[in-house]
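Chains, contacts and geometry: an overview
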Amino acid sequence: MQFSNRISNMDFSPIRKLSKFAKETEKRGIKVYHLNIGQPDVKTPDTFFEGVTNYNENIVKYCDSQGIDSLIESFIQSLSDSNIYFDKDELMITHGGSEAIQFALMAICDPGDEVISPEPFYSNYSSFAKIAGAEIVPVETKIENEFHLPGEDLIESKITNRTKCILISNPCNPTGTVYSYEELEMLARIAKKYDLFIISDEVYRQFIFDNISYTSCMHLSDILDRVILVDSISKHYSACGARIGLVASKNKELMHNILKLCQARLCVSTIEQFAASNLINTMNSYITDVKMQYKKRRDIMYTAMSNIPGVVCSKPEGAFYMLAKLPVDDSDKFARWLLEDFSYNNHTLMFAPASGFYATRGLGKNEARFSYCTSIEDIKNSMIILENALEKYNKISKVKILDLAEQ
Ligand SMILES: Cc1ncc(COP(=O)(O)O)c(C=O)c1O
């Protein structure tokens with residue numbers, strides 16, 4: 001039996017691909033710290049669960065393909081708190097930010113089209129692009145420059161007549177970089193010059209630290225018809241399993257077309273939408289408190305990581321990930337070794353090898369993404385494990401190299 005080229009060309013998620021090894025490790029009685037995944041340990045607000053209880057229909061019906069009115073209205077209101085303004089027909093509820101990005105790409109790309117994205121990028125972008133028949137064309141960003149965007153010329157040099165859009169996450173997963181107003185203005189100039197859309201994935205937009213100001217692409221008034229905003233409750237309200245997000249654009253023609261995709265999948269889960277619409281009643285302090293917790297965790301991880309010999313990292317400005325260069329030849333191999341051959345006081349660590357966040361072959365080979373949406377104690381223990389593991393791994397590697405030299 002044959003499978004499609006589309007599915008054969010897709011990769012497994014670098015965030016989840018080591019899970020089967022971690023399960024084996026746990027079966028052997030070793031505790032694994034899961035810093036590979038962006039699953040917050042924060043409690044989902046009570047308002048969400050109250051919303052579930054408030055659902056008092058006796059049939060779980062299909063609802064409107066665009067989403068239920070109360071949820072659309074509550075998103076419009078909460079976005080307006082960030083000076084982002086949409087009318088009702090400019091916003092559609094999706095199964096998380098994931099479906100929002102897929103719908104945006106499917107609406108604007110034909111097979112063979114290209115999507116410019118700064119790399120490293122959220123690894124599922126490759127899969128989303130492939131589902132739409134498109135390819136990611138990466139623009140390299142570097143740790144030495146804290147993963148900020150390169151110059152305009154370099155980005156323009158990647159544009160061809162197949163380029164349809166620029167796709168960014170801001171704040172960025174996996175680097176934690178927050179793009180400045182000037183960087184976004186540069187992207188806006190490029191988008192105008194080459195007639196491109198910008199898909200702005202802002203699912204971490206409320207987690208920005210150190211008083212860095214937040215610019216949404218929706219704040220760039222002269223390109224509003226080119227911006228497609230993606231948002232989600234997954235990270236902001238620690239509600240990843242609810243699968244509630246949104247796609248929004250001032251380009252009404254685009255949204256009218258995206259409605260076809262929404263209708264083809266009928267609707268987003270009705271009860272989850274009811275629950276999510278009640279999040280509007282969450283105290284403002286919820287997000288502020290969560291953000292403070294992440295900042296504290298970021299500081300602890302960054303300080304510990306910076307003190308590990310040979311590790312190079314840049315301080316994340318937002319989201320809850322840190323990308324670090326490790327003193328190893330291959331972080332994929334090191335990640336497996338941590339799970340299969342190493343433990344420290346019966347504990348070990350799982351991270352996401354960074355090569356899967358790059359489209360350019362060979363890049364990110366000695367880099368790794370660590371998430372810090374777990375407890376301070378787990379972060380501290382993980383950093384101790386990492387330091388000990390690196391020391392042992394490099395000793396073993398040196399012995400192996402010496403043995404080979406003697407043979
Ligand atoms: C940058 C980015 N965009 C989108 C998503 C998908 O989020 P959702 O759970 O809303 O589908 C994630 C999830 O980790 C992410 O990191």
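Residues numbered from 1 in each chain as written. Predicted model: local features only at pLDDT ≥ 70, side-chain atom pairs only at ≥ 80, totals over all residues. Heavy atoms only, no water.

- The protein chain carries the name Aminotransferase in an unreviewed UniProt entry, which gives Clostridium tyrobutyricum DIVETGP as its organism.
- What UniProt records for the protein chain under Cofactor (unreviewed entry) is the sentence "pyridoxal 5'-phosphate". (UniProt positions renumbered as here; feature names shortened; annotations may be inferred.)

**A word on the packing of helix α5 (residues 96–108) against helix α9 (residues 252–264)**
- Running from amino to carboxyl end, α5 crosses α9 at an angle of 115°, the nearest separation of the two axes being 10 Å. In the packing of α5 onto α9, the handedness of the crossing is right-handed. Across from Phe-103, Ala-104, Met-106, Ala-107 and Ile-108 in α5, the residues of α9 making contact are Leu-254, Ile-258, Leu-261 and Cys-262. (Axes fitted to C-alpha atoms, helices over the stretch in contact; angles between N-to-C directions. Helix = DSSP H or I, 4+ residues; strand = E, 2+ residues; numbered from the N terminus. Left-handed = near helix turned anticlockwise from the far one by under 90°. Contact = heavy atoms within 4.5 Å.)

**Considerations on the site of the ligand**
- In the vicinity of the ligand, 13 residues are found, and the nearest of them are Gly-97, Ser-98, Asn-173, Asp-201 and Ser-232.
- Note that an oxygen atom of the ligand is positioned 2.7 Å from one of the side-chain N or O atoms of Tyr-204.
- The side chain of Ser-234 places a nitrogen or oxygen atom 2.7 Å from an oxygen atom of the ligand.
- In isolation the ligand has 400 Å² of accessible area, and contact with the protein removes 94% of it. (Near = heavy atom within 4 Å. Polar contact = N/O pair within 3.5 Å; in protein donor to acceptor, adjacent residues only side chain to side chain. Areas by Shrake-Rupley, 256 points an atom, 1.4 Å probe, with all protein chains shown as cover.)

**Regarding the UniProt feature "domain: Aminotransferase class I/classII large" (unreviewed entry) in the protein chain**
- Those places that UniProt annotates as "domain: Aminotransferase class I/classII large" (unreviewed entry) correspond, in this numbering, to residues 34–344.
- Helix and strand shares over residues 34–344 are 37% and 15% respectively, and the end C-alpha atoms of the span are 15 Å apart.

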